[in-house]
Amino acid sequence: MLRSKLLKALILGAPASGKGTISTRIVKKYAIEHVSSGDKLRDHIERKTDLGKEVQSYLSEGKLVPDDVIIKFMVAELKKVENQAWLLDGFPRTVTQANALWKLQPVDVVLNLVVPFDIIIDRVKNRWIHLSSGRVYNIGFNTPKVIGKDDVTGEDLIQRPDDKPDAVKKRLEIYDRMTRPVIDFYLEKGILKNFEGKTSDEIWPKVTQYLDSLKL
Ligand code: AMP
């Protein structure tokens, strides 16, 4: 696809707000690189790298990885894709991270998904993921063809340890406290765009309408 400008987009949303689903659809439709900090950290944990061992306890407890660790990691990851259009997902989560990113690469647009917290807590109980691809299923909503198996590979689906209700509640609280200032940071830059809805299917048409209007 020909573009006059490489889009540097960012997606914000509470844990389990459908950010993963919307991100997957965006990168597919607009053929851009998906850079997900959570997926990358889980991959390191899976591969038992030094970084994986360092961050494992934060993820299983639903806590944020320290700023210095995640910034160093994500700056290196973003340098790998500096000549590509990308959608950043899960980073930044604090104002310190947002400032570090802005210095490296000012983003063009910030898509903010707004989903009520009670809807999120209910949804997470039914969430299953395919670890290696990051595909997400919701029982009763986008149920896998075979329960417990990935539609594409047939491999096992897992429930993330940090999807347990206590960990989710903690993550939503952390999100509110730590990430609201990030939303304000981008509001001040004038590049924040809110998308409201209860489900990804409700939000998706609003997102495409907006991205299409940017004439990528
Ligand atoms: P996610 O898949 O985006 O919900 O991320 C899962 C977990 O990875 C979070 O609960 C954090 O422990 C860690 N993590 C991912 N991105 C960041 C970030 N930008 N800052 C700190 N911790 C992060």
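The rules behind the values
Residues numbered from 1 in each chain as written. Predicted model: local features only at pLDDT ≥ 70, side-chain atom pairs only at ≥ 80, totals over all residues. Heavy atoms only, no water. Near = heavy atom within 4 Å. Polar contact = N/O pair within 3.5 Å; in protein donor to acceptor, adjacent residues only side chain to side chain. Areas by Shrake-Rupley, 256 points an atom, 1.4 Å probe, with all protein chains shown as cover. Helix = DSSP H or I, 4+ residues; strand = E, 2+ residues; numbered from the N terminus. Nonpolar A, V, L, I, M, F, W, Y, C, P; charged D, E, K, R; others polar. Phe/Tyr/Trp six-rings, centres within 6.5 Å; stacked < 30°, edge-to-face > 60°. Buried < 20%, exposed > 50% of the residue type's maximum accessible area, 1.4 Å probe, protein only. Contact = heavy atoms within 4.5 Å. Axes fitted to C-alpha atoms, helices over the stretch in contact; angles between N-to-C directions. Parallel < 35°, antiparallel > 145°, perpendicular 65-115°, else oblique. UniProt positions renumbered as here; feature names shortened; annotations may be inferred.

### A look at the site of the ligand
Stage number 1. Contacts to the ligand come from 16 residues, most closely from S37, K63, G90, R93 and Q97.
Stage number 2. Contact between the ligand and K63: an oxygen atom at 2.6 Å from a main-chain N or O atom of the residue.
Stage number 3. Residue R93 places a side-chain N or O atom 2.9 Å away from an oxygen atom belonging to the ligand.
Stage number 4. Computed on the free molecule, the ligand has an accessible area of 480 Å², of which 96% lies beneath the protein chains in the complex.
Stage number 5. Going through the elements one at a time, α2 (37–46) and α3 (50–61) are the ones with two or more residues in the shell around the ligand.
Stage number 6. Broken down by element, the shell around the ligand gets its largest block of residues, four residues, from α2.
Stage number 7. Partitioning the shell around the ligand into residue classes produces seven nonpolar, four polar and five charged.

### Focus: the packing of aromatic side chains
Stage number 1. Across all of its chains, the model carries four aromatic pairs by this definition.
Stage number 2. Pairing W102 with F185 gives two aromatic rings, centres 6.2 Å apart and planes at 80°, and the pair type is edge-to-face. Of the two residues, W102 is situated in helix α5 (residues 95–104) and F185 in helix α7 (residues 165–189); the sequence distance between them amounts to 83 residues.
Stage number 3. What makes W102 partly exposed here is its relative accessible area of 25%.

### What to know about the environment of F195
Stage number 1. One can find F195 in strand β7 (residues 192–196).
Stage number 2. Apart from residues lying up to four places away in sequence, F195 is in contact with L111, N112, L113, V114, I203, K206, V207 and Y210.

### So, the packing of α2 against helix α4 (residues 67–80)
Stage number 1. Here α2 crosses α4 at 100°, and the two axes come no closer than 12 Å. Taken together, the axes of α2 and α4 lie roughly perpendicular to each other. The segment α2 lies against α4, with S37, K40, L41 and H44 engaging I70, F73, M74 and E77.
Stage number 2. Looking at the contact of α2 with α4 residue by residue, the classes come out as four nonpolar, two polar and two charged.

### Regarding the side chain of R160
Stage number 1. Among the structural elements, R160 can be located in the loop between β6 (135–138) and α7.
Stage number 2. Setting aside residues up to four positions removed in sequence, R160 forms contacts with R42, R127, I129 and R171.

### A short note on the UniProt feature "binding site: AMP" (unreviewed entry) in the protein
Stage number 1. The residues that UniProt annotates with the feature "binding site: AMP" (unreviewed entry) are S37, R42, K63, L64, V65, G90, F91, P92, R93, Q97, R160 and R171. Judged by maximum C-alpha separation, these annotated positions cover 135 residues in sequence and are scattered in space, the widest gap reaching 24.7 Å.
Stage number 2. With relative accessibility at 26%, the residue L64 sits in the partly exposed group.
Stage number 3. In contact with L64, not counting residues within four places along its chain, are Y58, R93, T94, I174 and M178.
Stage number 4. Among the secondary structure elements, P92 is positioned in the loop between β3 (86–89) and α5.
Stage number 5. Residues contacting P92, with those up to four places away along its chain left out, are L10, L12, Q97, A98, L101, V182 and Y186.

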